[in-house]
Structures are given as structure tokens and as C-alpha cells.
Amino acid sequence: MARSTDSLLVARIGRPHGLRGEVTVQTHTDDPERRYVPGTVYATEAAPGTGVPRVLTLATARKHRETWLLGFEEIPDRTGAESLRGTRLLLDLDEVDDTEDDDDGWYEHDLVGLAVHDPSGAVLGEVTGLTVGSVQDLLEVRLTDGREALVPFVEAIVTEVDIEAGHVVVDAPAGLFDLDES
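Conventions and cut-offs
Note that residues are indexed from 1 along each chain, following the sequence as it is written. Totals for whole chains, interfaces and linings use all residues, but because this is a predicted model, local features are given only for residues with pLDDT of at least 70 and pairs of side-chain atoms are given and counted only at 80 or more. Side-chain figures throughout are based on the complete set of non-hydrogen atoms in the structure, without hydrogens or water. Any two strands between which DSSP finds at least two bridges are classified as paired. Strands are runs of DSSP state E lasting at least 2 residues, helices are runs of H or I lasting at least 4, and numbering of each runs from the N terminus. For helices, the fitted line uses only the C-alpha atoms of the stretch in contact; every axis is such a line through C-alpha atoms, and the angle between N-to-C directions lies from 0 to 180 degrees.

Draft legend 1. How the structure looks around the sheet that holds strand β6 (residues 88-92). If you walk around this closed barrel you meet the six strands as β1-β2-β5-β4-β3-β6, and the pairing is antiparallel. Each strand of the sheet is rotated relative to its neighbour by a mean of 50 degrees, with strand direction disregarded. Bridge count for strand β2 (residues 22-27) against strand β5 (residues 67-72) is three bridges, and the pairing is antiparallel. Its bridge partner lying in β5, V23 is registered against L70.

Draft legend 2. How the structure looks around the sheet that holds strand β8 (residues 123-131). Strand order in the open sheet formed by six strands is β10-β9-β8-β7-β12-β11, with mixed pairing between adjacent strands. Edge positions in the sheet fall to β10 (148-152) and β11 (158-162), since each has one partner strand and no second. Strand after strand, the sheet turns through a mean of 35 degrees between neighbouring axes, direction not considered. Pairing between strand β7 (residues 115-117) and β8: three bridges, direction antiparallel. Residue pairing across strands places H117 opposite V123, the latter belonging to β8.

By themselves, these are just geometric observations and shouldn't be taken as functional.
Listed below in C-alpha cells is the structure:
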């Protein structure tokens, strides 16, 4: 399920909640109050054959015990909500308010194409994507020898992100890039 760099991952749908079609979501945004506004239309990304609509319109959003619960106009009941499990909710970047102060994070489209350097400045490769995880995000990197690597996107390893200069600095622990070698 490759995601276009023209979209922003907002949430991944979890299990149904109650009988009226609400679902739990794993939030992938720093500002859920701004992203979970009734009437918002999300593009969906789901496994083939699930029957999930290509778009979902948010009908309700509320917090219950620190978990966001969302309801959609197209999903009237628990059976429909069950079919949404694992679906990703995306917003078109053209519809995202760019006036936000977002100094604490980057979108995938900001990172793709950046050169990856080690702390001495040597080029290691290029960022090809971002995998959003439940525990931590991972930078997808194509190394200079053509191998693909996943780099934990944590401050201790990715020590600098300089969008204007066009690079990130990765202080990789010994063996990080050798994990996939046979």
C-alpha cells in the first residue's frame, strides 16, 4: 500500500466501538482537533478487496479514555465499521492548512529526496520514504550501493534534518546498515 507523497497520513483505523459505526483510530497527527472536524473528507488506503469506500466523510469525532473515536457518514453500523479495520485516512496536501506552526515535525514529502549524510558529511544515500509506526517512525533510505534500509527516526540517530540544505544527518549505530546483508 504505497502512499502518495501528495497526501498526509492522519490516522489508521482500529476496531469498532459500539453499535453505531464508530471506530477507534491510531492518530498520526500532532493536531487531532484540527484534523478531526466533522465534514472533513478523507481519502482512504485499504487492502484490495475490502470494499472500503475511496473516501470517507467524518460525521463525529470525540475522545473516550484518551482514544479518538470517529464516525463516518458512509458507515451506519458496527458491521460497516469492522470492514474499516486497518484503513488509513489521508488528506490531500492541497487541503492542509500550511499556516500551521509545525516546527516539531516533517511531512513525508518534506523528507523524500533528501541526501543522507553521516556526521562527518559523507553521503550514505537518499531518503525514499517514511514509514509511520505505532511506536516510532522509520526513514526509508536507499543507500549508495542500492540497498534499502530503515532508519529509526529518533533524535539519537537522525541528529539533524535540514530541509533547506537538502540533507539529513544519520549517526547510525554500528551494524545498522548491515542488518539486511546475507
